[in-house]
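Working through the structure, step by step
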Amino acid sequence: MSRNSKSPRRAILALAVIAIAVMTAGASAQSPDPTDAGKAVFKRANCFGCHKWHGNGGGGYGGDALSLRKTELTREQIVETVSCGRPGTGMPFFTRGAYDTVKCHDMNRQDAGNQMPPEANTFLRQADIEAVADYVLAHIKGKGEPNHTECIDFFGNKSRVCDIYKAGGEATNAGQSK
Amino acid sequence: MRKHAKRRPSLQAAMLASAAAVALIVAAPSRADEVTPERLLNAEKEPGNWLHHHKNFSATRFSTLSDINKGNVKNLKVAWTMHLGGVEGGGIWTHGGLEGTPIVENGMMYVTDGWGSVYKIDAHGGKGVLLWKMDPKTDHDWAGAVACCGVDNRGVALWGNLVVSHTLDGRLIATNKDTGQVAWQRQVADPNKGEVITGAPLIVKDMAITGVAGAEYGIRGWIAATDLKTEKEVWRTHTIPGKGEPGSETWKDDKNASASGGGSTWVTGSYDPATNTLIWGVGNPGPDWDNEYRPGDNLYTDSSLALDADTGKIKWHYQHTPNDPYDYDSVAENVLVDVPGPNGTTAKLALEADRNGFAYAIDRTTGKFVWGLPFVKKVTWTKGLDAETGKPIEYDSNKPVQVYNASVTPSRQNKVTDICPGNMGGKNWPPTAYNPQLKLWYIPVIESCNRITVEEATPDKLKAREFWTGGGPSQPVKITGSITAIDVTTGKVAGKHETPFPNLGGILATPDLVFSGEPSGEVTAIDAKSMEKLWEFNTGGGVNAPPMTFSVDGKQYIAILVGLGGAWDKWFIDATPELKRIQPGSMLYVFAL
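A short tour of the structure in this document, coming up. Here the structure is a predicted model, which is why all the values come from computation and not from measurement.

The next thing to look at is the overall build of chain A. Counting its secondary structure elements, chain A contains 8 helices and 0 strands. Element order for chain A, N to C, with α for helix and β for strand: α-α-α-α-α-α-α-α. By residue count, 36% of the 178 residues in chain A fall in the buried class. Contacts spanning at least 24 positions in sequence make up 56% of the contacts within chain A whose residues lie at least 6 apart. On chain A, roughly 10,900 Å² of surface is accessible, and the fraction owed to carbon and sulfur atoms is 55%.

Okay, here's the thing in structure tokens:
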């Protein structure tokens, strides 16, 4: 029995193992989600800073980010809202030059006046905006209460952020009050 | 276990011995540097050190060091600086900030960044040398998603040979002072319930006292004591009484509102050794703005609480804003001072500058009101305090839901309304300072109004890790600031140094100077009596932390952390549009003559 790790037999075995590993990994990840790019935009552009990872938004200290789960906006309307922001609210515009070189809601900066929405910290290209709209449509709009699977899909499993969604897991505030 | 490991000679230790010879010389004095309860009691006998978060158990933040004084402060210059980390975001936050007070012991400085990394810096020789960094690997998403008001950590405490600190994700961590290795840690708060920790621990005897944040997320607040020898909890006192306990009758609803009633404790308190009493501020009730959800006075929210340090048993309370509909929490530090009273007596006071815009002096032996006055320029929610009780004049103990000045008070009937001070308060967490020689108390002031929009709270809206506020603020009004001095012998305003921006950092007092910083970047020194500005240096960042002073090698220094973060940056920035220019940062500045 050769102790040489470079033996052809070992090499073939190793290759087989790698091949199986790759196939397994591919299988467990299922087919790639076409809206993963949009999810990345949702994170990078800090959509979840106000709308939260689950999209429900909510009141609190920073005014009221609308619920993307309960939204009735169409793809086109989501694209416009992200591009131009929502005048008179804290929803920022994400298109470079909005209200200047690019008209928004048929307004320029002057027309918008004190209704001018804030400028986002990150500008997004048209393709990014469409991707994030597709992500919202596929994973958030129309969904019910957020659950553990959705949470893990968003954060991965390196954080304890999703623990409260585990079935029969941690006490909720409501449970605490019983 | 750890002691055993220390005694056991190991091969590794032997191999390292010669190489570590130089290090051992540096480390050797650390045995003499054991921080004993006696040293913590007598912190004032070590004028060059800053051993407690608030400098001393009385929380005066007054240093007797006077080599830097009003005659020469104009010559103050940067001695050294150090870039820190922790600026990254997490949860709902795009970046961290710095709100900590450095601790200095025998020339060694200990600071934290917003995510709770601890840095030990050797400040000898006119320079700063980073000796170690302990990164607690805080769970950013878990904690950052339920931190209402920023990625913050206000600093460490020292005990024995340990550096004791908190993390946003709810841990108490004991780190070996010499090596920077974590000795042990325990989970004290639970982010799954919306609990996080931002405050520095207070060490009393052999206990670390921990406060909690989360009143915007439906927590039921507490103060907890951990035995640093056994690493176990000694007591935990909830700031909202359980069913049947005294005070539970002040929650008159039928929805079990007290179970998610808030009352957080996220600012480090003070301690009176003479009576073995902790005095700790308690935060707002939840939901913040819908007080009809929780009829009754809602004890012990918006109160100063006195507790027996050994048992956590409540000795007395003083509530400032019963059935609060404004988010006027009373989480601020109580400053313990003794001043001459009538007929040759000594008045033993606890001073608190409340979010509601009034400064209070309470008899800290009995918990009775002594005096109170507005320290902000504009108060609209009440006409003033009752001279006997200190309660707002409009307070009616027979009413389950208080309306105070009903025309401005947020309620289900008055859903959009402007209040002064705004909900960030006349003073927030940034600490006051008290000069015992001048008997002047300096308050870092937010001269503010803001707009509250009420949203009726219903039990189905109460969800773990989600906001539980019953509405929210917006900022249609420009907000400025001041440092306001109060003469504690008279209970009157003695002076006001106005500033273009709110004071978000806090105060340091020395015999003839007052140091502070501006969120626009300036660190300033003002004359303790005239309140005139004598010196300033623009750090180029945003000051969101209090200055402190220490001496090493016989030389006095002023230190301050610079890095705008916290609540202002996200929630209140529209009230100070110029501050939108300030970039996130994470830096330590140290000044000397």
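What follows is about the pattern of salt bridges. Residues and elements named next belong to chain B. Scanning all chains against the criterion turns up 35 salt bridges over all chains. Between Glu-105 and Arg-39 there is a salt bridge, and its shortest N-O distance comes to 2.8 Å. Taken together, the residues Glu-105 in strand E4 (residues 103-105) and Arg-39 in helix H4 (residues 37-41) connect sequence positions 66 residues apart. For the residue pair Glu-105 and Arg-39, the accessibility class agrees, reading buried in each case. Lys-70 is the partner of Asp-527 in a salt bridge, and the nearest nitrogen-oxygen pair spans 3.5 Å. Here Lys-70 lies in the loop between H4 and strand E1 (77-83) and Asp-527 lies in strand E33 (residues 522-527), a separation of 457 residues in the sequence.

For the rest of this paragraph, the subject is the packing of aromatic side chains. Under the definition given, this model contains 30 aromatic pairs over all chains. Between Trp53(A) and Phe154(A) the ring centres are 6.3 Å apart and the planes differ by 40 degrees, which places this aromatic pair in the tilted class. On the criterion of sequence distance, the pair formed by Trp53(A) in the loop between helix H3 (48-51) and helix H4 (75-84) and Phe154(A) in helix H7 (residues 148-155) is long-range, its members being 101 residues apart. Assessed through its relative accessible area of 10%, Trp53(A) is described here as buried. For the ring pair Tyr326(B) and Tyr404(B), a centre distance of 6.1 Å and an interplane angle of 40 degrees mean the geometry is tilted. Taken as a pair, Tyr326(B) in the loop between strand E19 (314-319) and strand E20 (335-340) and Tyr404(B) in the loop between strand E23 (368-374) and strand E24 (416-419) lie far apart in primary sequence, 78 residues in all. When sorted by exposure, Tyr326(B) lands in the same class as Tyr404(B), which is buried. Three or more aromatic residues link up through ring pairs in this structure, and these residues are Phe42(A), Phe48(A), Trp53(A), Tyr135(A), Phe154(A), Phe155(A) and Tyr165(A). The side chain of Arg236(B) reaches across the aromatic face of Trp222(B), ending 4.1 Å from its centre. Sitting over the face of the ring of Trp93(B), Lys570(B) holds its NZ or CZ atom 5.3 Å from the ring centroid.

So, how was this worked out
Residues numbered from 1 in each chain as written. Chains lettered and ligands numbered in written order. Predicted model: local features only at pLDDT ≥ 70, side-chain atom pairs only at ≥ 80, totals over all residues. Heavy atoms only, no water. Helix = DSSP H or I, 4+ residues; strand = E, 2+ residues; numbered from the N terminus. Buried < 20%, exposed > 50% of the residue type's maximum accessible area, 1.4 Å probe, protein only. Contact = heavy atoms within 4.5 Å. Areas by Shrake-Rupley, 256 points an atom, 1.4 Å probe, with all protein chains shown as cover. Salt bridge = Lys/Arg side-chain N within 4 Å of Asp/Glu carboxyl O. Phe/Tyr/Trp six-rings, centres within 6.5 Å; stacked < 30°, edge-to-face > 60°. Lys NZ or Arg CZ within 6 Å of the ring centre and 35° of its normal.

What is shown is where atoms sit, not what they do.
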